[in-house]
Structure formats: structure tokens, C-alpha cells
Amino acid sequence: KGQNPVFPRILGHEAAGIVESVGEGVTDLKAGDHVLPVFTGECKECRHCKSEDSNMCDLLRINTDRGVMLEDQKSRFSINGKPIYHFVGTSTFSEYTVCHVGSVAKINPLAPLDKVCILSCGISTGLGATLNVAKPPKGSTVAVFGLGAVGLAAAEGARMAGASRIIGVDLVPSRFELAKKFGVTDFVNPKEHSKPVQEVIVEMTDGGVDRSVECTGNVNAMISAFECVHDVWGVAVLVGVPHKDAEFKTHPMNLLNERTLKGTFFGNYKPRYDLQSVVEKYMNKELELEKFITHEVPFAEINKAFDLMLKGEGLRCIITM
């Protein structure tokens, strides 16, 4: 959705690996380093990278259309002399890949790659959306829309921040039992109510939640997430990626009443600068990654992983090369 098809290409953007070799001019990494490739990079030179408030690198921010290396506008993959294109600077469904140095984050070599690989996109995105952007005060109420892996990572962030009540919103009732492991205290299924889900949440919380995090990409869920936060101090954070033709519509009074609407990419983490500390949260047992990993398949059975995702039966399925 919302992307121009570029084929053939090697997809995949969430992984962990070991540097096999480095090209000319690369000084930040060396062969043997353990790394996370990241779909939105950090050149360290542009205005965004030099700003403490931004992780949206001018050079390497996510670009789904780009299928080549920046240096020479050529692919590093080929078959029978014909190019195979790259994907968001990572192309991780491969035993070997080639990345721009700014799209690779060096991490603790003691961290198990088959666990911390999930920090290279989804889990960091949800966790950071709560901890870095929503910033729920201790004792606050938080609503999370969408209880897939990203939404549960957002809930985990709310739990770590000391939220007193975490309301999970999802259309799949079976997800609530699993969500309890991530601190979710209440469950709302929009299908079970005759009124808009934002009205249900406002009634449950005496005027609205203090924070909400939307992790579905559905524009109606985004509107609900914004309209369910309390006036004056309520903050809604949008994480999900909408369809390219989607429009966000709400009454201007919702903004005039001092609600705040924010968006985030990758949980506002600067990948090369911040990811090491997220990995350390796991190493220090502050963050439990194992509960996000529900399945594992060999690469030859990758389609099973997609089936699990589409049925909503798994959170993260690790693919072993």
C-alpha cells in the first residue's frame, strides 16, 4: 500500500547480523561487528541528525521507492547479469546484504542475534512511541490501538513508565489474554459497541485517557486514538502507516481544546546513537524480548510466517537463514 512496485527486489527490514566486510571510507564499523540493519538511517551529518529532537535523516530516511545504493545509483545484487533491487536500505531476506553505513547500528556482541533482531524495527518503534513521544506520567491512563507486536511494545513501554491503566483496543478478542503479559489491564473490541470506540473510552476513563498510541495504520483508528484523549493534557501518538490516499478528519475543536496530536517514525530513536541503549535494556532484563517471539521457521518456510501474521496468530516469527 502506498508504494511504487520495484521488482525484482530482496525484501526484509528487521534483522540482526555480523559485518562480513566494509567498503572504502567506512570507519565506524569493521568486519566481525554485530549490528542491526535499520530501515531509516542516520548519516550523522545533516540538520536532522545534528538535532537532538529528530531521527528523520535527510539522506537516509525511509524511502520505499529507492532500490539502489546512494553512492552510484546501482544495485549490489544481481542474477545472470541482471540487477535485483534493494528495499529500504536493508534487504534482510538474504544470507548476505549490502547497506549504507548509516543504516547499520553497532550493538553489544554478547547480545543474542536471534532475540535482538526484533529491535531493528517493530519493538523499538512501539516502545519508543510510548517512552520517547507519548511520555505517560507515572499513574496515568494509556490506550493502545492494535495489539500486534508494535502495539504490545507500546503497552510494554506504558507498563515500564508506570501507567496505572492500559486499555487495549483490538478487533481480535483472543489477543487480550496475551496482552495481559504486556501490562494491558482492559480490553475494548470496537465491534462489540454501538457507539464509536472513542466515546466508549471517554466514558470508561472519566473524560478520556492521558495518552493514546495508535499502531494499526487504519485512519479511523487514528481518529479514535486522537478523540479518546482527555482535553488539555491528552496526547495521542500515531505510529501506524496509513494508505497513501487516507485522510485524517476531526473537528478543529478537538485541537482547540488543547489535545495534542503527534506522529513518530521508529519511536523517535536515532538508530546508530540510541539502539545500543535499547539492546542494553534487554541485556539488563529491563525489557523482555522473548515474550514477543511466538514462532520460528527456516527461511525456506517464510510463507508460513506471513500466514501467521495475516491470521493474527503470531507476534514475531524469527526466520533463521
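Residues numbered from 1 in each chain as written. Predicted model: local features only at pLDDT ≥ 70, side-chain atom pairs only at ≥ 80, totals over all residues. Heavy atoms only, no water.

1. Topic: the pairing of strand 13 (residues 316-320)
In regular strands, side chains alternate between the two faces of the sheet. The pairing of strand 12 (residues 293-298) with strand 13 spans five bridges and is parallel. Residue pairing for strand 13: V297 is matched across the bridge by I319. Remark: the strand 12/helix 10 (residues 302-311)/strand 13 crossover connection has right-handed handedness. (Pairing = 2+ DSSP bridges. Helix = DSSP H or I, 4+ residues; strand = E, 2+ residues; numbered from the N terminus. Right-handed = clockwise from strand over helix to strand, strands pointing away.)

2. A short note on the layout of surface pockets
For the second largest pocket, the calculated volume is near 210 Å³. In terms of lining, the second largest pocket is formed by E52, D53, S54, N55, N132, N268, Y269, K270 and D274. (1 Å grid on protein atoms, 1.4 Å probe; cavity = no way out; pocket = protein on both sides within 12 Å on 5 of 7 lines; lining within 4 Å. Points joined across faces, edges and corners; volume = space filled by probe spheres on them.)

3. Digging into the environment of L171
Inspection of the secondary structure puts L171 in the loop between strand 7 (165-169) and helix 5 (175-179). The exposure class assigned to L171 is partly exposed, which follows from its relative accessible area of 47%. Residues L171 and E20, spaced 151 residues apart in sequence, show a C-alpha to C-alpha distance of 44 Å. (Buried < 20%, exposed > 50% of the residue type's maximum accessible area, 1.4 Å probe, protein only.)

4. A short note on the side chain of K291
Within the fold, K291 resides in the loop between helix 9 (271-283) and strand 12. The class for K291 is buried, based on a relative accessible area of 14%. Each residue touching K291, except ones within four places of it in the same chain, is listed here: E156, K181, F182 and L315. (Contact = heavy atoms within 4.5 Å.)

5. Regarding the pairing of strand 7
Burial runs high along strand 7: four of the five residues are buried. Both strand 6 (residues 141-145) and strand 7 contribute to a ladder of five bridges, which runs parallel. The residue of strand 7 that forms the bridge with V144 is G168. For the handedness criterion, the β-α-β arrangement of strand 6, helix 4 (residues 149-161) and strand 7 is classed as right-handed. Across three bridges, strand 7 lies against strand 8 (residues 186-188) in parallel orientation. Within strand 8, the residue paired with V169 across the bridge is V188.

6. With respect to the sheet that holds strand 1 (residues 17-18)
Spatial ordering of the open sheet is given by 1-2-5, a layout of three strands whose pairing is antiparallel. Looking at strand neighbours, the two that pair on one side only are strand 1 and strand 5 (104-106), the edges of this open sheet. Bridge analysis of strand 2 (residues 34-37) against strand 5 gives three bridges, and the strand direction is antiparallel. Residue pairing across strands places L36 opposite A105, the latter belonging to strand 5. Against the sheet, helix 9 touches strand 2 and strand 5, its axis set at about 45 degrees to strand 5. (Axes fitted to C-alpha atoms, helices over the stretch in contact; angles between N-to-C directions.)

7. Topic: the UniProt feature "domain: Alcohol dehydrogenase-like C-terminal" (unreviewed entry) in the chain
Residues annotated in UniProt with the feature "domain: Alcohol dehydrogenase-like C-terminal" (unreviewed entry) correspond here to residues 149-279. Helix makes up 37% of residues 149-279 and strand 15%. Its end C-alpha atoms lie 17 Å apart. (UniProt positions renumbered as here; feature names shortened; annotations may be inferred.)

8. Comments concerning empty space enclosed by the protein
In this structure the tally under the stated criterion is one cavity of 30 Å³ or more. Within this model, the largest cavity holds a volume of roughly 100 Å³. Lining of the largest cavity is provided by L60, R66, V68, M69, L70, H86, G89, V98, H100 and S103. Split into classes, the residues belonging to the lining of the largest cavity amount to five nonpolar, four polar and one charged. (Nonpolar A, V, L, I, M, F, W, Y, C, P; charged D, E, K, R; others polar.)

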